[in-house]
Amino acid sequence: MAVQSALRIYKDATAIITGGASGIGRALAEELAARGCEVVLADLQLEQAEEVAAAIRSAGGRATAARLDVTDHEEFERLVEETVARTGRLDFLFNNAGISHGMGAGARHYRIEDWRRVIEVNVGGTVNGVQAAYNLMIEQGFGHIVNTASMAGLVPSPGTTSYVTTKHAVVGLSHNLRAEAAQLGVRVSVLCPGVIRTPFIEGGTYGRRVEGVTSEATREMWEQKKPISPEKFARKALDEVARNKGVVIVPGFWKLFWLLFRLAPKFCLNIATKNFKDLGRSPAAVGRTARKGSAAPAEER
Ligand SMILES: NC(=O)c1ccc[n+]([C@@H]2O[C@H](COP(=O)([O-])OP(=O)(O)OC[C@H]3O[C@@H](n4cnc5c(N)ncnc54)[C@H](O)[C@@H]3O)[C@@H](O)[C@H]2O)c1
């Protein structure tokens, strides 16, 4: 009975989902709408977000789309204010938009501007969301901030160093804010997906690849790790969020890796060291690095 009432938490609620035009964000929006929640799909890709919102509406759900760059704090605040003015409340903020950089390649190939961009979007975007919604939720007396980190926020993942840096930061922010927010009537959870079959595993629309690393190579790397569909992820993750779980790991088998890392970090680091294969070691990438004495430029996409 208690489980049933927890799962009804989405009915007649309002949620903003960043990165709602694609992949996990899209699946979360569709599943939330199917459970009776009004959803705002906020994304850099406005046209795609509008298409998803239209599909949700034709399936009987309530959805709108908004253009949002999560790195723009004022824009984020405006979106939250407009949503609350229109719907009267904000029950959920899903800080989900994220990008990858240099997937599969060692940090020696990175440019400083790529480090900065992935930090700006993945960490800065989450911070902007918290700044825009947290105090408002405290005033309301309710609300749930759900940040999408990654398993890469819990365990090492060589070949994804800049991304791992940002996702560990999102996990840290979420743990800490959860402890503070609990006394103020606000909930905080962090989603740690394993590998989910979305455009992200090929680099994503706004992600950057290191020169010499193809989208096929990154897809192949992630396909070995048993990806699941974003729809399956969303169903399971939203059940856990409804139960106010602090850390939500889906698929569940990834929990074993987190447990093992906490029990035997040295052992896990040895395995990770052994498994690291630098996809960025193509002659072009390595040659460029050696010639310039700096990281090879990431591919502009
Ligand atoms: N797919 C996976 O295997 C996986 C695993 C772990 C964590 N994640 C995380 O899940 C989240 C969603 O990723 P996904 O797999 O759905 O990828 P995706 O590429 O399908 O979707 C990401 C969305 O974010 C949007 N976006 C990017 N930069 C933005 C910005 N500055 N402002 C607003 N929107 C922006 C994109 O337009 C896109 O619609 C990310 O935070 C990612 O790090 C994904």
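Nothing here was measured: the structure is a model prediction, and the numbers come from that model.

A. Here's a closer look at the overall build of the chain. Along the chain, the regular secondary structure elements total eleven helices and nine strands. Taken against the 2.2 N^0.38 rule, which gives 19 Å for 301 residues, the C-alpha radius of gyration of the chain at 19 Å falls within 12% of a compact globule. Taken along its principal axes, the extent of the C-alpha atoms in the chain is 60 × 40 × 35 Å. Looking at the chain as a whole, 51% of its 301 residues are labelled buried. A sequence separation of at least 24 residues applies to 74% of the contacts in the chain between residues at least 6 apart. Counting only carbon and sulfur atoms, one obtains 54% of the accessible surface of the chain, whose full area is about 13,800 Å². Charged side chains in the chain number 38 positive and 32 negative. The centres of these two groups are separated by 9 Å.

B. Highlighting the site of the ligand. Near the ligand, the surroundings consist of 31 residues, among which Ser22, Ile24, Asp43, Tyr163 and Thr198 are the closest. Contact between the ligand and valine 70: a nitrogen atom at 3.0 Å from a main-chain N or O atom of the residue. Contact with the protein chains removes 98% of the 830 Å² of surface that the ligand exposes when unbound. Residue composition of the shell around the ligand, grouped by class: 17 nonpolar, eleven polar and three charged.

Conventions and cut-offs
Residues numbered from 1 in each chain as written. Predicted model: local features only at pLDDT ≥ 70, side-chain atom pairs only at ≥ 80, totals over all residues. Heavy atoms only, no water. Helix = DSSP H or I, 4+ residues; strand = E, 2+ residues; numbered from the N terminus. Rg over C-alpha atoms; globule rule 2.2 N^0.38 Å. Buried < 20%, exposed > 50% of the residue type's maximum accessible area, 1.4 Å probe, protein only. Contact = heavy atoms within 4.5 Å. Areas by Shrake-Rupley, 256 points an atom, 1.4 Å probe, with all protein chains shown as cover. Lys, Arg positive; Asp, Glu negative; His and termini not counted. Charge placed at Lys NZ, Arg CZ, Asp CG, Glu CD. Near = heavy atom within 4 Å. Polar contact = N/O pair within 3.5 Å; in protein donor to acceptor, adjacent residues only side chain to side chain. Nonpolar A, V, L, I, M, F, W, Y, C, P; charged D, E, K, R; others polar.

These figures capture arrangement, not role.
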